[in-house]
Amino acid sequence: MKISNIYTNKPKPVLSFEIFPPKKDSELENIDPTLDILAELHPDFISVTFGAAGSTNRNRTIALAKKIKDQYGIEPLVHLTCFCYSKQEIDEFARQLMDEGLENILALRGDRSPQVPAKDDFAHASDLVSYLKSKYDFTVAGACYPEIHPESADRVSEIRNLRKKVDAGAEFLLSQLFFGNDRFYRHLEDCRLSGIEIPVIPGIMPVINAALIQKMITICGATLTDGLERIIRKFGENRDALFDAGLYYAINQIIDLLAHDVRGIHLYTMNNPAVARRICDGIRNIVG
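The structure reproduced in this document is the subject of the present report. (Residues numbered from 1 in each chain as written. Predicted model: local features only at pLDDT ≥ 70, side-chain atom pairs only at ≥ 80, totals over all residues. Heavy atoms only, no water.)

Okay, the overall build of the protein next. Per the secondary structure count, the protein includes eleven helices and eight strands. Computed over the C-alpha atoms, the radius of gyration of the protein is 18 Å, within 12% of the 19 Å expected from 2.2 N^0.38 for a compact globule of 288 residues. Each principal axis of the C-alpha atoms in the protein carries an extent, and together these give about 50 × 45 × 45 Å. Counting the 288 residues in the protein, one finds 56% classified as buried. Long-range contacts, defined here as pairs at least 24 residues apart, represent 82% of the contacts in the protein between residues at least 6 apart. Of the charged side chains in the protein, 34 are positive and 39 negative; the average position of the first set lies 1 Å away from that of the second. (Helix = DSSP H or I, 4+ residues; strand = E, 2+ residues; numbered from the N terminus. Rg over C-alpha atoms; globule rule 2.2 N^0.38 Å. Buried < 20%, exposed > 50% of the residue type's maximum accessible area, 1.4 Å probe, protein only. Contact = heavy atoms within 4.5 Å. Lys, Arg positive; Asp, Glu negative; His and termini not counted. Charge placed at Lys NZ, Arg CZ, Asp CG, Glu CD.)

So, about the packing of aromatic side chains. Considering all chains together, one arrives at nine aromatic pairs under this definition. Geometrically, the ring pair formed by Tyr-136 and Phe-138 is tilted, given 5.7 Å between the ring centres and 50° between the ring planes. Here Tyr-136 matches Phe-138 in class, with each residue buried. Here a set of aromatic residues connected by ring pairs shows up, and it is made of Tyr-7, Phe-45 and Phe-172. (Phe/Tyr/Trp six-rings, centres within 6.5 Å; stacked < 30°, edge-to-face > 60°.)

Inspection of the secondary structure puts Asp-44 in the loop between α2 (32-40) and β2 (45-48). Accessibility expressed as a relative area gives 18% for Asp-44, which makes it buried. Side chain to side chain, Asp-44 and Lys-10 meet in a polar contact 2.8 Å long. Leave out the neighbours within four places in its chain, and Asp-44 touches Ile-6, Lys-10, Pro-13, Val-14, Leu-15, Ile-74 and Glu-75. (Polar contact = N/O pair within 3.5 Å; in protein donor to acceptor, adjacent residues only side chain to side chain.)

Turning next to helix α10 (residues 239-259). With 21 residues, α10 extends 30 Å from end C-alpha to end C-alpha; this agrees with the ideal 30 Å at 1.5 Å per step. Burial in α10 covers these residues: Leu-242, Phe-243, Ala-245, Gly-246, Leu-247, Tyr-249, Ala-250, Ile-251, Gln-253, Ile-254, Leu-257 and Leu-258. Buried residues along α10 sit against α7 (181-193), β7 (200-204), α8 (210-220), α9 (226-235), β8 (264-268) and α11 (273-287). Near the N-terminus of α10, the side chain that reaches the backbone nitrogen of Asp-240, with its oxygen 3.3 Å away, is that of Asn-238. Where α10 ends, the next residue or the one after it, Asp-261, has phi of about 65°, a positive value. (Expected span 1.5 Å × (residues − 1).)

All told, the structure shown has two cavities of 30 Å³ or more when counted by the stated rule. Here the largest cavity is characterised by a volume of approximately 50 Å³. Around the largest cavity, the lining residues are Pro-146, Ile-148, Arg-155, Glu-158, Ile-159, Arg-186, His-187 and Asp-190. Elements that contribute at least two residues to the lining of the largest cavity include exactly α6 (155-167) and α7. Of the residues contributing to the lining of the largest cavity, the split by class is three nonpolar, one polar and four charged. Approximately 40 Å³ is the volume found for the second largest cavity. Here the residues of the lining of the second largest cavity are counted per class, giving six nonpolar, two polar and one charged. (1 Å grid on protein atoms, 1.4 Å probe; cavity = no way out; pocket = protein on both sides within 12 Å on 5 of 7 lines; lining within 4 Å. Points joined across faces, edges and corners; volume = space filled by probe spheres on them. Nonpolar A, V, L, I, M, F, W, Y, C, P; charged D, E, K, R; others polar.)

Within strand β4 (residues 104-108), five of the five residues are buried, leaving the element largely enclosed by the surrounding structure. Going residue by residue along β4, you find Asn-104, Leu-106 and Leu-108 tucked away on one face and Ile-105 and Ala-107 tucked away on the opposite face as well. Here strand β3 (residues 75-81) pairs with β4 via four bridges, running parallel. For Leu-80, the partnering residue across the bridge sits in β4 and is Ala-107. As for the winding sense of the linkage, the β-α-β connection from β3 through helix α4 (residues 87-99) to β4 is right-handed. Sheet topology note: the β4/strand β5 (residues 139-144) ladder contains three bridges and is parallel. For Ile-105, the partnering residue across the bridge sits in β5 and is Val-140. At this point the chain moves from β4, through helix α5 (residues 125-135), to the parallel β5, and the crossover so formed is right-handed. (Pairing = 2+ DSSP bridges. Right-handed = clockwise from strand over helix to strand, strands pointing away.)

Function-wise, these values are silent; they only describe arrangement.
This is the structure:
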């Protein structure tokens, strides 16, 4: 099923999760208990992250996506990075996806790595979107950054580059994490003013691990709200307390987003089914 059709046809907000493949092939079966719980929550699709630059983890991405589709009947969205791959390598990956009946790709440039040199075929995610749409029949999604990509000069250039991605054929956008909804609303307004009319879906990552969140905001350029900083200062050393407080904060974020009529919520689960379950319990009567 094309995920673009879900956003077009489903009258209620679309719920989706992100998970990552295990680090070893031998651990692929160990993810079944996680998938069992996630499937019980009835997401409309599950995105599967791609291995780091040059990583053989991409084969586990395909294997996990196939498991989600075949064993659980849930549509997977396969992440695909491009800046360290040639067109020939992208073609090989695309053929693998088609052979497995996988129809949906999240096209990403990928993080730069000093260990893996970039190749010349794809400088930007928009190049990958254009290439995939010109050769294959995938639904292709893109990523967006409510607080702008760390390499962008300003909001104007951020939206200009995002518009290139949409013009190249991206059919919906999943946002990077953010913690202040006002930042997402401003980004959404910028998108609409620039003529971007496809669904722009907020990505939510609950704060349940202070060290992980500090790492993530360094990578993606997000900033903490004053309220969230207080929560981390107060509860950061108490794992259980931070779990409760972080999930409460995320649920309130999601409720406010849904009250503003967003088309869906994309939840970064961190492969922790308890996170997804608690949040889904908290919004069941709102999205149901």
